[in-house]
Amino acid sequence: MTLASLLVQLLGGLAGASTLFLTSAGLSLIFGVTRVVNFAHGSLFMVGVYTAWTAGQWLRPILPGSAGGFWLAVLLSTVVVAALGALLEVLILRRIYRAPELFQLLATFAVALVLRDGCLWLWGPEDLLGPRVPGLTGAIPVLGMPFPRYDAALIAIGPLVLGLLHLVLTRTRFGILVRAATQDREMVSALGVAESRLFTSVFAIGAGLAGLAGALQLPREPANLGLDLPAISDAFVVVVVGGLGSLPGAFLAALLISLVKAACIALGTVELGGFSFAFPRLTLVAEFLVMAIVLVMRPYGLMGRAAAAPRSLATTLPAENAAGAPGRWPWGLLVVGLILLPWLAAGSPYTTVVLVDVFCFSLFAMSLFFIMGPGGMHSFGHAAYFGLGAYGAAIVLKASGWPMLWALLLGPLGGFAGALIFGWFSVRLSGVYLAMLTLAFSQIVWSIIYQWDDLTGGSNGLTGLWPAPWLSAQVPGATANAAYYLLTLICVAIAVLVLRRVLDAPFGLALRAGRDSPQRAESIGINVHAVQWAAFCVAGTAAGLAGVLYAFSKGSISPDLVHVGRSIDGLVMVLLGGVEALAGPLIGAAAFTLLQDTAGRSFDYWRAATGVVMLLIVLVFPQGLAGLFRMRRRPSTT
Amino acid sequence: MSTASLPAAASPILAVSRLCAWYGRAQILFDIDLTLARGEVVALMGRNGAGKSTTLKAIMGLLDRVQGSIRLEGADIRGKPAWHIARAGLGYVPEDRRIFTELTVMENLAVGRQARRSDAPLWTVDKVFELFPNLGRMRNRRGGEMSGGEQQMLTVARTLMGNPRVILLDEPSEGVAPLIVEQMAAMILDLKHEGLSVLLSEQNPAFAGAVSDRACILEKGQVQFDGSMRSLIDSPEIGRAFLGL
């Protein structure tokens, strides 16, 4: 590697930093004023890419061969996406500003699902190649190496927009109101500023920035349906590293991350003491490493401040009540019934197949509930531990050739290890910071699994993961998978009992104390971070076990196990069942899995359908389903 | 009981009746009746936790759950958003000041600026600086770099920029130096002179006595006394019972 190639890589990094900064700046601005973490922000970026493509198609015959056409298309898609943002704010977000933040995240995630399918419907599944920008084609020599002209233009745009935003924020009344509202929006409202108009315009500007970033990205990357999630998770990392609500922080963070990534690519494969080490593979881990180092030194990011207390579920919902849960008898009867089921349902073999799924997801939801309900930590990346368990078991089985039972025992340690590492960082944050960080971690796990072909099989996944012969054998008079069904039932029942026992133990009480008042808990001698970290590890192990059981029931695994969508499924299960009772996640998981199975996901737009259902849940029951239960139970509050 | 002691003729600029308010599930205010005549200064008095600040917040539309009626010049403002109430002519000065610490004095004033309604006194930056000369000497200082007394003045100045008809002042004398307390008292009388009506919550009887025409004593979220300041001073047993004097 030469100095020149390093320089060109770093310059390329700077160009990438520009669009990354634009997306993150929009996210940060919207969060600062409305306190909503806009999960659909990556989708707005993607819509920007697509709109720029369409606008370019329209303008090409009118303005052939001129650079003006391209820049006009960029401007148009910025405006279109800004208008879309304003529309979303008025139709959806305005109704949920007072809802718990978990619901806001779910609602904006639902919007992301709808937008993704909207793009599929409008533009189809094929990648759409962007135009080359007239006047900015070709390359300029940098120390004799070619550097794309367009990238050089991009390098200038980032600081330009930062400067422009700075001017607007400091020199206009609108900007002053935005800064005032970022600190204390209630006071701004009490001074006569119409909140709704301010929020709509901030949302429009934030969305417009995402649209602009998307439009500018088009010449570097074709428009495709996979752009939304990487865009949002990158923006999350940048905003967390830079400090939520700080634009200069977002700029610095975007530069730092892009340059570190570029350096990794530039270093290439390095031979060191006989080992060859491929730095380019590190790019995703590099993002994580930067974030980890920054958060250890500055928990609120490079230029962020401690956020105001989040409106978490913990403060808006009553604590779950173990005493109110059904007694042992109904559960005992249920388990006995389930044990007998393979023989009772011998005529419909599919029943026990679906129920294995239900068991696995019940344990998955229960483990998420464990840190979410009593722990008050809303993980948006719980699928990471599920997937790590599954891949852990698969790798033990494939690489070592040990028997399946060893894989069953060792696999959950994959989930444990993930929780041990990620939990250490996560418990240092709370509220939306924690949600974003866990999401980013799961994206990283997904990327590693997706890229590490040799170990994980990459996008193809791993196949041939069948249970030991004695677990696949036909049990007389029962359904085909009866043996494995019973193993799953027993493992899940024991794990759920253990989780429940832990929650009733002093440890569980300490966990709740840390959720309800960290300061008071500390002052009576509870090491809140340590308790939360331990809870993360317990939950990670349990989720890992669920992943292992799931993997062996399917016979193959793929990176989809770790996908953000699965993490969100988990959240929906927990919320569906209600966070008030320990039985909630089990009931929620069963209902969700059975629903999903019967709906069959057989039509193209199931994501949008799921999104619409989620939006309905959040908008019709803004206090959550648990709030509905509460109303029913105590009708005499008004 | 409260209506009996009112001057019968003047229609009040602010009339609160049967006001109840809740924090979450806990009811804090119980059927509060309260009136403020044009150009009048009324002190809401009572011990810590009696419901003084909650009353002001409820009037300002800052609480989620409020019942009863709140009329500003006859128009019911209960349930309206805070910005709507502010534009109708109610100015709110919170007890914990809540100035924008990242913004300069001028920027803080800019946030408060609202168009004037026909009959309210008009405030400009220059006129505000006449009332608070030392704020005029630190126009570009950030809110976070000011003393407590200066912040208190900035909070009032910021509210005045909205050209209110009525000001709700929450504990203006709390936590500031004695010299500033005197200045605040003089300022309230200045505002009254300008034609503003003031409803203030106050624990300091000397301060309340010096600036107020009437007093309204709250205890456990209920009105226990409503009468002229003179009648309160003349009946020390009331002060003993509710204010711990």
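Residues numbered from 1 in each chain as written. Chains lettered and ligands numbered in written order. Predicted model: local features only at pLDDT ≥ 70, side-chain atom pairs only at ≥ 80, totals over all residues. Heavy atoms only, no water.

1. Some words on the packing of helix 8 (residues 228-242) of chain A against helix 17 (residues 431-451) of chain A
Residue and element names in this part refer to chain A.
Working step 1: Between helix 8 and helix 17, the least distance of the axes is 9 Å, while the angle of their chain directions is 130°. For the element pair helix 8 / helix 17, the angle class is oblique. The way helix 8 lies across helix 17 gives a crossing that is left-handed. Between helix 8 and helix 17, the contacting residues are S233, F236, V237 and V240 on the first element and Y433, M436, L439, A440 and Q443 on the second.
Working step 2: Per-class residue counts for the contact of helix 8 with helix 17 are seven nonpolar, two polar and no charged. (Axes fitted to C-alpha atoms, helices over the stretch in contact; angles between N-to-C directions. Helix = DSSP H or I, 4+ residues; strand = E, 2+ residues; numbered from the N terminus. Parallel < 35°, antiparallel > 145°, perpendicular 65-115°, else oblique. Left-handed = near helix turned anticlockwise from the far one by under 90°. Contact = heavy atoms within 4.5 Å. Nonpolar A, V, L, I, M, F, W, Y, C, P; charged D, E, K, R; others polar.)

2. Some details on empty space enclosed by the protein
Residues and elements named next belong to chain B.
Working step 1: Scanning the entire structure with this criterion turns up six cavities of 30 Å³ or more.
Working step 2: Here the second largest cavity defines a volume of roughly 60 Å³.
Working step 3: With three residues, the top contributor of residues to the lining of the second largest cavity is strand 6 (residues 90-93).
Working step 4: Per-class residue counts for the lining of the second largest cavity are six nonpolar, six polar and one charged. (1 Å grid on protein atoms, 1.4 Å probe; cavity = no way out; pocket = protein on both sides within 12 Å on 5 of 7 lines; lining within 4 Å. Points joined across faces, edges and corners; volume = space filled by probe spheres on them.)

3. Some words on the nonpolar core
Working step 1: Within the largest apolar cluster, 240 residues are counted, with the highest numbers of intra-cluster contacts made by A:I568, B:L168 and B:L199.
Working step 2: No other element matches helix 13 (residues 350-372) of chain A, which puts 16 residues into this core.
Working step 3: There are two domains that each give this core at least three residues, and those are domain 1 (3-237) and domain 2 (334-596) of chain A.
Working step 4: In this structure B:L168 touches B:L14, B:L56, B:I59, B:M60, B:L90, B:G91, B:Y92, B:V93 and B:L199, once residues within four positions along its chain are discounted. (Core = buried A, V, L, I, M, F, W, Y, C linked by side-chain atoms within 4.5 Å. Buried < 20%, exposed > 50% of the residue type's maximum accessible area, 1.4 Å probe, protein only. Domains from an automatic or database assignment.)

4. Focus: helix 16 (residues 412-426) of chain A
Residue and element names in this part refer to chain A.
Working step 1: For helix 16, built from 15 residues, the straight-helix expectation of 21 Å at 1.5 Å per residue is met to within 8% by its first-to-last C-alpha distance of 20 Å.
Working step 2: Maximal helix bending in helix 16 amounts to about 25°, located at L420.
Working step 3: Turning to helix 16, its buried residues number three or more, namely P412, G415, G418, A419, F422, G423, F425 and S426. (Expected span 1.5 Å × (residues − 1). Bend = angle between axes of the 7 residues up to and from the residue.)

5. Structural notes on the packing of aromatic side chains
Residues and elements named next belong to chain A.
Working step 1: The final tally for this structure, using the stated rule, is 20 aromatic pairs over all chains.
Working step 2: Arranged with centres 5.1 Å apart and planes meeting at 90°, the rings of F21 and F251 form a pair that is edge-to-face. Remark: F251 occurs in helix 9 (residues 247-267) and F21 occurs in helix 1 (residues 3-34); sequence separation between them is 230 residues. Both residues of the pair, F21 and F251, belong to the buried class. (Phe/Tyr/Trp six-rings, centres within 6.5 Å; stacked < 30°, edge-to-face > 60°.)

6. Remarks on the sheet that holds strand 6 of chain B
All names here are of chain B.
Working step 1: The six strands are arranged 6-7-8-3-9-10 in an open sheet whose pairing can be described as mixed. Where the open sheet ends on each side, the last strands, each with one partner, are strand 6 and strand 10 (222-228). Recorded for the sheet is a direction-independent mean angle of 15° between the axes of neighbouring strands.
Working step 2: The sheet strands contacting helix 7 (residues 178-194) are strand 3 (41-45), strand 7 (166-170) and strand 8 (197-201), and the helix crosses strand 7 at an angle near 165°.
Working step 3: Along the sheet, helix 10 (residues 236-243) makes contact with strand 3, strand 9 (214-219) and strand 10, crossing strand 9 at roughly 35°. (Pairing = 2+ DSSP bridges.)

7. Things to note about the interface of chain B and chain A
Accessible area lost on assembly of the parts is the figure often given for the size of an interface.
Working step 1: With 25 residues of chain B at the interface, the matching set in chain A holds 26 residues.
Working step 2: Between chain B and chain A, roughly 2200 Å² of surface is buried when both sides are summed, and carbon and sulfur atoms account for 50% of that area.
Working step 3: Area buried by chain B at its contact with chain A is led by B:W83, B:R98 and B:F100, which between them contribute 25% of it.
Working step 4: Across the chain B-chain A interface, the total number found is three salt bridges.
Working step 5: For A:E186, the salt bridge is made with B:R98, and the minimal N-O distance between the two is 2.7 Å.
Working step 6: Seen at the junction of chain B and chain A, the total is ten residue pairs in polar contact (both at pLDDT 80 or more). (Buried area = accessible area lost by both parts, 1.4 Å probe. Salt bridge = Lys/Arg side-chain N within 4 Å of Asp/Glu carboxyl O. Polar contact = N/O pair within 3.5 Å; in protein donor to acceptor, adjacent residues only side chain to side chain.)

8. Here we look at the side chain of A:D151
Working step 1: With respect to the helices, strands and loops of the structure, A:D151 is situated in helix 5 (residues 149-171).
Working step 2: With relative accessibility at 10%, the residue A:D151 sits in the buried group.

9. A word on the domain arrangement of chain A
Residue and element names in this part refer to chain A.
Working step 1: Domains assigned within chain A are domain 1 (3-237) and domain 2 (334-596).
Working step 2: When each unit is reduced to the centre of its C-alpha atoms, the spacing between domain 1 and domain 2 is 35 Å.
Working step 3: Across the boundary between the two partners, domain 1 contributes 13 residues, which contact 17 residues of domain 2.
Working step 4: Between domain 1 and domain 2 we count zero salt bridges in total.
Working step 5: At the junction of domain 1 and domain 2, the tally comes to zero residue pairs in polar contact (both at pLDDT 80 or more).
Working step 6: At the level of secondary structure, the elements contributing two or more residues to the side of domain 1 that touches domain 2 comprise helix 4 (101-123) and helix 8.
Working step 7: Of the residues assigned to the side of domain 1 that touches domain 2, the class counts are eleven nonpolar, one polar and one charged.

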